[in-house]
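Summary of the model geometry
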Amino acid sequence: MKAKQIIYINFALIALLIFMTIYQYNRIADFESQLGYNFQRTVKDTQFLLEHDGDPNIWVKTLQEKNGEFTLASHIGELTRLSRQYHMMNGKISMIGVMLDSLADDYHQIAVNIGNDVDYSNNKEEINRKKDFLIPLLNNIDSISGENERQYYKEFTDSESKTSNLVWREYKKYERED
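Residues numbered from 1 in each chain as written. Predicted model: local features only at pLDDT ≥ 70, side-chain atom pairs only at ≥ 80, totals over all residues. Heavy atoms only, no water.

Digging into the environment of Ile96
- If you trace the backbone, Ile96 turns up in helix H4 (residues 95–115).
- Sequence-wise, Ile96 and Ile22 are 74 residues apart; in three dimensions their C-alpha atoms are separated by 36 Å.
- If we ignore the near neighbours within four places in the chain, the residues touching Ile96 are Tyr86, Leu134, Leu137, Leu138, Ile141 and Val167. (Helix = DSSP H or I, 4+ residues; strand = E, 2+ residues; numbered from the N terminus. Contact = heavy atoms within 4.5 Å.)

Next comes the structure, spelled out in structure tokens:
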């Protein structure tokens, strides 16, 4: 009788452990999907911001309007927010954050130069050069992972992933051109 009870208890424990393992696996998968979604959202937001609000000519015109510096400050704040999100990612991918910080500095410098009646054409060229680097890079990153949040998670957390190596390789190429 006692042997049967021990066998039933062991089966119950094994079943409970299997259930707990499956439950934990699903929770971890959900967590990875959520992080992947956040990474994906950051890439998409950056693409949108650079493609639609990145033209320095728009900001030169905006700065010449009344209170235009507040609108630019909002744009710079959004670049900085996105930059911080990249800085929290894998080491190689965080180089995008470095580029966004530099881009925000260039926009700020345009505002300073316009306010001081100094030539800002170099700043405009630099912004366009950085945009021309970042937009295709972000498009390539997005095409690697597609719409799959788990794939984004895998690509953005593995320092040897296709995405990480692409960012690092392209950033180093960009640095050599500079």
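What to know about the pattern of salt bridges
- Counted according to the given criterion, the structure contains 13 salt bridges.
- One salt bridge connects Lys130 with Glu126, and the closest N-O pair in it is separated by 3.7 Å. With a gap of four residues between them, Lys130 and Glu126 both fall in helix H5 (residues 121–145), about one helical turn apart.
- Residues Glu175 and Lys172 are paired through a salt bridge, measuring 3.1 Å at the closest nitrogen-oxygen approach. Taken together, the residues Glu175 and Lys172, both in helix H7 (residues 162–177) and three residues apart, mark about one turn of the helix.
- Accessibility expressed as a relative area gives 29% for Lys172, which makes it partly exposed. (Salt bridge = Lys/Arg side-chain N within 4 Å of Asp/Glu carboxyl O. Buried < 20%, exposed > 50% of the residue type's maximum accessible area, 1.4 Å probe, protein only.)

Structural notes on the environment of Lys162
- Mapped onto the elements, Lys162 comes out in helix H7.
- Sequence-wise, Lys162 and Ile144 are 18 residues apart; in three dimensions their C-alpha atoms are separated by 7.8 Å.
- Beyond its immediate stretch of four places on either side in the chain, Lys162 contacts Ile144 and Glu155.

Points about a nonpolar patch on the surface
- Judged by side-chain polarity, Ile9, Leu13, Leu16, Leu17, Phe19, Met20 and Tyr23 come together as a nonpolar surface patch covering roughly 730 Å² of accessible area.
- Among the secondary structure elements, Leu17 is positioned in helix H1 (residues 2–53). (Patch = residues over 30% accessible without salt bridge, like charges linked within 9 Å, V, L, I, M, F, W, Y side chains within 5 Å. Areas by Shrake-Rupley, 256 points an atom, 1.4 Å probe, with all protein chains shown as cover.)

Structural notes on the packing of helix H3 (residues 68–87) against H4
- The interhelical angle for the contact between H3 and H4, taken along N-to-C directions, is 165°, at an axis separation of 8 Å. Viewed along their axes, H3 and H4 adopt a mutual orientation that is roughly antiparallel. For the pair H3 and H4, the sense of crossing is left-handed. Only Ile96, Gly97, Val98, Leu100, Asp101, Leu103, Ala104, Tyr107, His108 and Ala111 of H4 make contact with H3, whose side of the interface consists of Leu72, His75, Ile76, Leu79, Thr80, Leu82, Ser83, Arg84, Tyr86 and His87. (Axes fitted to C-alpha atoms, helices over the stretch in contact; angles between N-to-C directions. Parallel < 35°, antiparallel > 145°, perpendicular 65-115°, else oblique. Left-handed = near helix turned anticlockwise from the far one by under 90°.)

Here we look at unusual backbone geometry
- A positive phi angle is found at Asn67, which is not glycine, with a value near 60°.
- As for its placement among the helices and strands, Asn67 is situated in the loop between helix H2 (56–63) and H3.
- Notably, Asp117 is not glycine yet its phi reads approximately 55°, a positive angle.
- Tracing the sequence through the fold places Asp117 in the loop between H4 and H5.

By themselves, these figures tell us nothing about what the structure is for.
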